[in-house]
Amino acid sequence: DPIPNVTNQDQWEKLRSGAYCAYNNNNGNVSTYGLLYNWYAIDDSRNIAPEGWHMPTDEEWKELEMHLGMSRSEADDTGWRGTDEGGKLKEAGTTHWSSPNSGATNSSGFTALPGGYRLDTGPFDRMGYFGRWWSATAYNSSNAWTRRLHYTNSVIYRVYLDKHYGFSVRLVRDE
């Protein structure tokens, strides 16, 4: 079953089921930045990922962060964490990221892009400045764990946020 494309701001805010959209409802953004999904699309039993892939859990995000140099205690913390791990994930340069895109090396090959996000109340914000990604791990009935990268630093922000937000999705290949 397809996930619905919800463009209406009021409808987005009231959803309790999976939905996606293009940033600013402009399909011209999709080829570069992909789509934004609410967390209900992530948690859907039909599985957002194609066969052989899955949404990374919060623990899998932490494993990636530790592989890039974060300590376990840093990875388990919330807020801005690490030193240069975020820079290792971000696409280098300012073709897509706003200047200065501090510390961006993309040495991991992740090529994180600043696709912005959709607020839980429906409006769009921060394309070119932020990239935000869901994890598959709920924090509680209203919130789920996320990651954020920013154009002015090279660390990674970990926080739980309302499941109504629209964030990017990055899949992991099954082992």
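Everything numeric here is computed off the predicted structure, so don't read it as measured data.

**Student:** Where do I start with the environment of Asp84 in this structure?
**Tutor:** Note on placement: Asp84 falls in the loop between β4 (79–81) and α6 (85–89). Residue Asp84 is classed as partly exposed on the basis of its relative accessible area of 34%. Spatially, the C-alpha atoms of Asp84 and Ser107 are 11 Å apart, while their sequence positions differ by 23 residues.

**Student:** Help me understand the layout of surface pockets in this model?
**Tutor:** Gaps between atoms show up when a probe of the same size as a water molecule is rolled over them. What the largest pocket holds in volume is close to 260 Å³. Residues of the lining of the largest pocket, tallied by class, amount to eight nonpolar, five polar and one charged. Every residue along the wall of the second largest pocket is listed here: Pro56, Glu60, Trp61, Glu63, Leu64, Phe110, Arg170, Leu171, Val172 and Glu175. The element best represented in the lining of the second largest pocket is helix α4 (residues 58–67), accounting for four residues. Residue composition of the lining of the second largest pocket, by class: six nonpolar, no polar and four charged.

**Student:** Explain a negative patch on the surface to me, please; I cannot follow it from the model alone.
**Tutor:** Among the surface-exposed residues, Glu51, Glu63, Asp174 and Glu175 lie close enough to one another that they form a single negatively charged patch. Residue placement: Asp174 occurs in the segment after β10 (172–173).

**Student:** Can you walk me through unusual backbone geometry in this structure?
**Tutor:** Across residues other than glycine, the phi torsion is negative in most instances, and most of the peptide bonds are trans. Put simply, Ser99 and Pro100 share a cis peptide bond, and its omega is 20°. As for its position among the elements, Pro100 is in the loop between α6 and β5 (117–118). In this structure, Asn25 takes a positive phi of about 55° despite not being glycine. On the accessibility criterion, Asn25 (32% relative accessible area) is partly exposed. Positive phi, normally seen in glycine, also occurs at Asn47, with a value near 70°. By the secondary structure assignment, Asn47 is in the loop between α3 (39–43) and β3 (53–54). Judged by relative accessible area, which is 43%, Asn47 ranks as partly exposed.

Conventions and cut-offs
Residues numbered from 1 in each chain as written. Predicted model: local features only at pLDDT ≥ 70, side-chain atom pairs only at ≥ 80, totals over all residues. Heavy atoms only, no water. Helix = DSSP H or I, 4+ residues; strand = E, 2+ residues; numbered from the N terminus. Buried < 20%, exposed > 50% of the residue type's maximum accessible area, 1.4 Å probe, protein only. 1 Å grid on protein atoms, 1.4 Å probe; cavity = no way out; pocket = protein on both sides within 12 Å on 5 of 7 lines; lining within 4 Å. Points joined across faces, edges and corners; volume = space filled by probe spheres on them. Nonpolar A, V, L, I, M, F, W, Y, C, P; charged D, E, K, R; others polar. Patch = residues over 30% accessible without salt bridge, like charges linked within 9 Å, V, L, I, M, F, W, Y side chains within 5 Å. Areas by Shrake-Rupley, 256 points an atom, 1.4 Å probe, with all protein chains shown as cover. Salt bridge = Lys/Arg side-chain N within 4 Å of Asp/Glu carboxyl O. Lys, Arg positive; Asp, Glu negative; His and termini not counted. Charge placed at Lys NZ, Arg CZ, Asp CG, Glu CD.

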